[in-house]
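In case you want the letters, here they are:
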Amino acid sequence: MDRSLALELARVTEAAAVACGRWVGRGDKISADDAATTAMRQTLGMMDIDGTVVIGEGEMDEAPMLYIGEKVGNDSGPKVDIAVDPLEGTILCSKGGPGAIATIALAPAGGFLHAPDMYMEKIIVGPEAKGCIDINDLPSNNLKRMAEAKRCNIEDLTVVLLDRPRHDEAVADIRKVGARIKLISDGDVAPAVATGIPDSGIDMVLGIGGAPEGVLAAAAVKCFGGDMQARLIFTTDEERERAPKMGITDFDKVYTAEELASGDVFFAASGVTGGDLLKGVRYFSGGAQTQTIVMRSKSRTIRFIDSYHYLEHKPGFES
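Along each chain, residue indices are assigned from 1 in the same order as the chain's sequence is written. Where totals are concerned, whole chains, interfaces and linings use all residues; where local detail is concerned, this predicted model gives features only for residues with pLDDT of at least 70, and gives and counts side-chain atom pairs only at 80 or more. Neither water nor hydrogens contribute to the side-chain values; these are computed over all heavy atoms in the structure.

Draft legend 1. The nonpolar core, seen in detail. Grouped together as the largest cluster of nonpolar side chains are 50 residues, with contacts concentrated most on Phe112, Phe267 and Ile293. Lining this core are residues from two domains, each supplying at least three of them: domain 1 (4–111 + 265–313) and domain 2 (119–260). Not counting chain neighbours up to four residues away, the residues in contact with Phe112 comprise Val54, Asp81, Ile82, Ala83, Ala105, Leu106, Ala107, Val215, Ala219, Leu260, Ala261 and Val265. Only buried residues count toward a nonpolar core. Its members are Ala, Val, Leu, Ile, Met, Phe, Trp, Tyr and Cys residues joined through side-chain atoms within 4.5 Å. Residue exposure (1.4 Å probe, protein chains only): buried if accessible area is under 20% of the type maximum, exposed if over 50%, otherwise partly exposed. Membership of the second largest hydrophobic core comes to 39 residues, among which are Ala17, Ala32, Leu44 and Ala268. Boundaries of every domain are those given by an automatic assignment or by a domain database. Between two residues, a contact is recorded if the distance between any of their heavy atoms is within 4.5 Å.

Structure (structure tokens):
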């Protein structure tokens, strides 16, 4: 696939971030998500791809835009799978909290696991700790191996988990060995990407979050050469009945990043609110400033793009 797709994806996430950034702190997560989704859909429609959304806002009868199975692009380019979260961290955006992003990933057709909208257990680390993790082991043991691989003390490491009661045992185990913990309220894709950035301050992400977000995180991990293990968590009979329809038959399988996102993968994310990974959208008279991260697995290149958008000259960026 053409490497210029990376810049095209940056334009997609920038459009979504600028559109929903107007809703930061206004207490309306639905309007914020709708603004991001609308902008992302419009920008995707201008890309030279024959794309299919495989990770989206839900089924066709549940989401008016960017639903699973929707065709995007102008049909003039390669056939690709698209994974999107126009606003990852809708509550963060509505409350003005840190770490909300607009994100998208692209792979050759068939490259993404068609993950149902359910829970997924994950453990994610950067390249320096590749080969050190085991999702079936205690967090403390994973941290001991990671500290040895990174030639540092366990006390130097920082682990990110969603602040949920289901993680109480993991938190206690991590505290027992002295690693630092950052509990977040929502949005685990951004910290997953941050594990691949040497100076981000995030060393490991673990715990149970969303499966669609897990696929997006896997795309980034594939690009920066990190390590990831994941397992779907089934909580209802409906989820077990739905999974085979999406090609999932082994309910206990532990997936690697390569199995979740294979082939020549692209990933992009733009900050909506500032966090460990990206700066949030900043508005000025007549325009906005964004920061975006773009990656491609083939080149293993990570780029940060700081952009100024003069809105009167940028159709599709109007608030």
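Draft legend 2. Broad picture of unusual backbone geometry. Located in the positive-phi region is Arg151, a residue other than glycine, with phi close to 55°. Residue classification places Arg151 among the exposed residues on the basis of a relative accessible area of 80%. We note that Arg300 has phi near 55°; this positive angle belongs to a residue other than glycine. Secondary structure elements are defined from DSSP: runs of H or I of at least 4 residues count as helices, runs of E of at least 2 residues count as strands, and each element is numbered from the N terminus. Position of Arg300 among the secondary structure elements: in the loop between β13 (287–296) and β14 (301–310).

Draft legend 3. Looking closely at the packing of aromatic side chains. Aromatic pairs are defined between Phe, Tyr and Trp rings, using the six-membered ring for Trp, whenever the two ring centres lie within 6.5 Å; interplanar angles under 30 degrees are classed as stacked, those over 60 as edge-to-face, and all others as tilted. As enumerated under the stated definition, the model contains three aromatic pairs in all. Taken together, a centroid distance of 6.1 Å and an interplanar angle of 55° make the contact between Phe284 and Tyr308 tilted. Here Phe284, found in strand β12 (residues 282–284), pairs with Tyr308, found in strand β14; they are 24 residues apart in sequence, far enough to count as distant. Ring geometry for Phe284 against Tyr310: centres 5.6 Å apart, planes inclined by 65°, an arrangement best described as edge-to-face. Placement of the pair is Phe284 in strand β12 and Tyr310 in strand β14, with a sequence separation of 26 residues. A relative accessible area of 31% means that Phe284 is categorised as partly exposed. You can call Tyr310 partly exposed: its relative accessible area is 43%. Cluster of aromatic residues (ring-pair linked, three or more members): Phe284, Tyr308 and Tyr310. Positioned above the aromatic ring of Tyr255, the side-chain terminus of Lys253 is 5.4 Å from the ring centre. Note on geometry: a ring has a charge over it if NZ (lysine) or CZ (arginine) is within 6 Å of the ring centre and within 35 degrees of the ring normal.

Limitation: the analysis is restricted to geometry and does not speak to function.
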